[in-house]
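# Fold and geometry: a report
Residues per chain, in single letters:
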There are 2 protein chains.
Amino acid sequence: MEYSFLDLVKKVDVVPYYYDKKQHDQFKSSVYTFVSHDGSFTLGYMLPMVAKEFERHEDIVRVDNTKRQVYINSCLDSFELRSKKLNQLAKTWYDEGRFEHLKGWRNELYTIYSPEKRPYMQLERAFCPLLGVVMYGCHINGYVVMPDTGKIKMWVPRRSASKPSYPGMLDCTVAGGMGDRYGCLETVMKESYEEAGLTSSYMLKHVKSVGLISYLYQYERGTFTSENGFVQPEVEYIYDLEMDSATIPRPVDHEAEDFKLMGIEEVVRRLKNGEFKHNCAGVIVDFFMRHGIVTPEDEPDYIEIQNRLHRRLPFPTR
Amino acid sequence: MEYSFLDLVKKVDVVPYYYDKKQHDQFKSSVYTFVSHDGSFTLGYMLPMVAKEFERHEDIVRVDNTKRQVYINSCLDSFELRSKKLNQLAKTWYDEGRFEHLKGWRNELYTIYSPEKRPYMQLERAFCPLLGVVMYGCHINGYVVMPDTGKIKMWVPRRSASKPSYPGMLDCTVAGGMGDRYGCLETVMKESYEEAGLTSSYMLKHVKSVGLISYLYQYERGTFTSENGFVQPEVEYIYDLEMDSATIPRPVDHEAEDFKLMGIEEVVRRLKNGEFKHNCAGVIVDFFMRHGIVTPEDEPDYIEIQNRLHRRLPFPTR
């Protein structure tokens, strides 16, 4: 089967919109909503199996099975308390081997934000998808404008076959999650060196902030009874990196197996063949649209694609 | 007062989101929804004063004051019938001097689409805002990369003082609505010549499709009892035009009074001073973000701005 660009975008922005009332209601009635300690805002969508596990921890959360809501306990009224108590619980679950997801424990904290865009708590990275809270990352499109033809080629790595997630799939030139200690540009620098051997001085000179994509992902669409149905709202900051043809990315941490400089036709073919990791496909379609490679003239779903790649999430963000 | 970039975006994307439940409900209960002949999809948000006027035309629409919905009559079951009957009524209202808006009658048809992205009907341009249906346009950012500094300057026109809408305000280099006879690129060519004297051959060589902005505009926020509260969902296709410094845009049809090549600092100052037409401000903020001029490092509302400039509209689009 050959995927259209919209098919690829729908694999990233999976959760139904409220306009599609029937599907949206069905989705909402299949998950629990994760709510702030004062009940004033929502933090994420959680699977019933996680809510059920939470039921035994009333000092941390209150589970309302009628309203299908999980409230952070109102006594956890500070950033420090919330972060401490929730991470302790995650650690217990990890020690008990309770969720597959927690086996990927990273010792890396991700920040969750309030509607005022202030840090509300910090949680272990591997815990976040279980709660369905917003996560952040950066993606970099490394490309070369060929001196002879003026055409664009993109540097595309293949993910290591030993990576726990999406092994062997094609990826963006560089991509990485944003931990608590790093801003966007710092994440870009750090990951560009680790994943592609590109130095900070090279990056500072050539990298350009160009926007973001945001979407409501569900790992396995419509799955609510297994961990694989976790919901993940994400914001990925996008950077373009126009590279000279003499600079060759090379893996340092070996998260990537190899890099290949691909012409647009090859990238399109491999995209439509489903060879790219889901959100990287979204990043590349966005790249194509910003660079006039995909235009309103030849893409019938141009508007829907643009909108779904910039979804306003139903939760507070940075 | 100095506007932030988010303030400017909120002046374009005005209608509350459904997440802001209270404001959204208030908005919804202040307008009528315009519904397709078979009741299967919504077409726009209409002011009560327009719905009231429709009540006297049961052969064309059915008004449900309880549900606050205006249905196209079910017997208007073809593109031709709907277009003909609705435009006839608009013409009658125009002849009777019934709405201020219709005084701007253009003899220009705009296409309204079904959920399958097929033409559903075509309506007189000046009639569309009264019905609150989606309208389309193209905006072009003309800019020069200064050979000496490498910095970007933008070509900014001032709207003629005699234009009926937004007289004297600053504008994008070129902008125009998309009538039924023209696709995006055709509109770009046509308007670029009329507004800036740029030839088709120059445009074809230099113009680049780079995305779109979409939003739910209301001319006077929160106004529902006068025509000035009309709701306008819009999609504006965006094009970048990198120009050499020898090419000077000059008005042909004199919709623009003059063009000035402005440095980014001046554009920012005039934006924050509220001198740009509302949707042009959105187009320029989007330009700044795509060109690394506004970045996540220095813009606290980066995510919200990106999302609101790419709003998924609650109506079918092209």
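The model shown is predicted, which means the values in this text are computed figures rather than measured ones.

Before going further, it helps to spend a moment on the packing of helix 8 (residues 264-272) of chain B against helix 9 (residues 278-290) of chain B. All names here are of chain B. For the pair helix 8 and helix 9, the least separation of the axes is 11 Å and the interaxial angle reads 140 degrees. The orientation of helix 8 relative to helix 9 falls into the category oblique. Between helix 8 and helix 9 the crossing geometry is left-handed. In this structure, helix 8 uses Ile264, Val267, Val268 and Leu271 to contact helix 9, whose residues at the interface are Ala281, Ile284 and Phe288. Considering only residue class, the contact of helix 8 with helix 9 consists of 7 nonpolar, no polar and no charged.

A separate point is the domain arrangement of chain A. Residue and element names in this part refer to chain A. When the domains of chain A are assigned, the result is domain 1 (5-13 + 135-308) and domain 2 (31-131). Across the domain 1 to domain 2 interface the summed buried area is about 1,500 Å²; carbon plus sulfur atoms make up 64%. Here domain 1 is connected to domain 2 by 0 salt bridges. At the boundary of domain 1 and domain 2, one finds 3 residue pairs in polar contact (both at pLDDT 80 or more). Looking at the side of domain 1 that touches domain 2, the elements that each hand over two or more residues are strand 7 (135-145) and strand 11 (231-242). Its residues placed into classes, the side of domain 1 that touches domain 2 shows 7 nonpolar, 7 polar and 2 charged.

In this section: the environment of Ile213 of chain B. All names here are of chain B. Within the element layout of this structure, Ile213 appears in strand 10 (residues 207-218). By relative accessible area, Ile213 is classed as buried at 0%. Residues Ile213 and Arg158 lie 55 residues apart in sequence; the distance between their C-alpha atoms is 21 Å. Setting aside its immediate chain neighbours within four residues, Ile213 contacts Glu234, Val235, Glu236, Ile238, Asn279, Gly282, Val283, Asp286 and Leu309.

All names here are of chain B. The 4 strands lie next to each other as 2-1-4-3, forming an open sheet whose pairing is mixed. Sheet topology places strand 2 (42-46) and strand 3 (61-64) at the edges, where each strand pairs with a single neighbour. Each neighbouring strand pair of the sheet contributes to a mean axis angle of 20 degrees, computed without reference to strand direction. As judged from the 4 bridges shared by strand 3 and strand 4 (residues 69-72), these two strands associate in the antiparallel manner. Bridged to Val61 within strand 4 is Ile72.

All names here are of chain A. One open sheet accounts for 4 strands, arranged 2-1-4-3; its pairing is mixed. Of all the strands in the sheet, just strand 2 (42-46) and strand 3 (61-64) have a single pairing partner and so form its edges. Each strand of the sheet is rotated relative to its neighbour by a mean of 20 degrees, with strand direction disregarded.

Residues and elements named next belong to chain A. Under the defined criterion, the tally for this structure stands at 0 disulfides over all chains. For the unlinked cysteine Cys172, the closest cysteine sulfur is that of Cys280, found at 3.6 Å. For Cys172, a relative accessible area of 3% corresponds to the buried category.

The subject of this paragraph is the relation of the copies chain A and chain B. Once chain A is rotated about the relating axis by 180 degrees and shifted along it by 0.0 Å, it coincides with chain B to within an RMSD of 0.0 Å. Such values leave the two copies arranged in the relation of a two-fold axis. Among all residues of chain A, the one whose C-alpha sits closest to the rotation axis is His310 of chain A, at a distance of 3.0 Å. Taken together, the interface assignments show that 100% of the residues at the interface of chain A recur at the interface of chain B, consistent with an identical surface on both copies.

Our focus in this paragraph is the packing of aromatic side chains. In this structure the tally under the stated criterion is 38 aromatic pairs over all chains. The interplanar angle of 90 degrees and the centroid separation of 5.8 Å between the aromatic rings of Tyr113 of chain B and Tyr136 of chain B together place this pair among those described as edge-to-face. With a gap of 23 residues between them, Tyr113 of chain B in strand 5 (residues 109-113) and Tyr136 of chain B in strand 7 (residues 135-145) connect regions that are remote in the sequence. By relative accessible area, Tyr113 of chain B is classed as buried at 13%. When the ring centre of Tyr71 of chain A is taken as reference, the NZ or CZ atom of Arg62 of chain A above it lies at 4.3 Å. Over the aromatic face of Tyr120 of chain B sits the side chain of Arg82 of chain B, whose NZ or CZ is 3.8 Å from the ring centroid.

Before going further, it helps to examine the pattern of salt bridges. For the structure on display, the rule yields 42 salt bridges over all chains. The partner of Asp301 of chain B in a salt bridge is Lys117 of chain A, with the nearest N and O atoms 2.6 Å apart. Here Asp301 of chain B, found in the loop between helix 9 and helix 10 (302-308), pairs with Lys117 of chain A, found in the loop between strand 5 (109-113) and strand 6 (119-124), and the two come from separate chains. Note on Asp301 of chain B: relative accessible area 14%, which makes it buried. Note on Lys117 of chain A: relative accessible area 22%, which makes it partly exposed. Arg311 of chain B serves as the salt-bridge partner of Asp13 of chain B, at 2.9 Å between the closest nitrogen and oxygen.

Here we come to the UniProt feature "domain: Nudix hydrolase" (unreviewed entry) in chain A. Summarizing the sequence annotation, UniProt attributes the feature "domain: Nudix hydrolase" (unreviewed entry) to residues 135-284 of chain A in the numbering used throughout. A helix fraction of 24% and a strand fraction of 37% characterise residues 135-284 of chain A, whose end C-alpha atoms lie 20 Å from each other.

Turning to the interface of chain A and chain B, a few remarks are in order. Chain A puts 43 residues into the contact, and the matching count from chain B is 43 residues. Here chain A meets chain B over a buried area of about 3,400 Å², counting both sides, of which 54% is carbon and sulfur. Counting across the interface, chain A meets chain B through 6 salt bridges. We note a salt bridge from Glu304 of chain A to Lys117 of chain B, for which the minimum N-O separation is 2.9 Å. The interface formed by chain A and chain B contains 19 residue pairs in polar contact (both at pLDDT 80 or more). Mapped onto the side of chain A that touches chain B, the elements with two or more residues apiece are helix 6 (184-196), strand 10 (207-218), strand 11, helix 9 (278-290) and helix 10 (302-308) of chain A.

Reading guide: rules and limits
- Residues numbered from 1 in each chain as written.
- Chains lettered and ligands numbered in written order.
- Predicted model: local features only at pLDDT ≥ 70, side-chain atom pairs only at ≥ 80, totals over all residues.
- Heavy atoms only, no water.
- Axes fitted to C-alpha atoms, helices over the stretch in contact; angles between N-to-C directions.
- Helix = DSSP H or I, 4+ residues; strand = E, 2+ residues; numbered from the N terminus.
- Parallel < 35°, antiparallel > 145°, perpendicular 65-115°, else oblique.
- Left-handed = near helix turned anticlockwise from the far one by under 90°.
- Contact = heavy atoms within 4.5 Å.
- Nonpolar A, V, L, I, M, F, W, Y, C, P; charged D, E, K, R; others polar.
- Domains from an automatic or database assignment.
- Buried area = accessible area lost by both parts, 1.4 Å probe.
- Salt bridge = Lys/Arg side-chain N within 4 Å of Asp/Glu carboxyl O.
- Polar contact = N/O pair within 3.5 Å; in protein donor to acceptor, adjacent residues only side chain to side chain.
- Buried < 20%, exposed > 50% of the residue type's maximum accessible area, 1.4 Å probe, protein only.
- Pairing = 2+ DSSP bridges.
- Disulfide = S-S within 2.5 Å.
- Least-squares fit on C-alpha atoms with pLDDT ≥ 70 in both.
- Phe/Tyr/Trp six-rings, centres within 6.5 Å; stacked < 30°, edge-to-face > 60°.
- Lys NZ or Arg CZ within 6 Å of the ring centre and 35° of its normal.
- UniProt positions renumbered as here; feature names shortened; annotations may be inferred.

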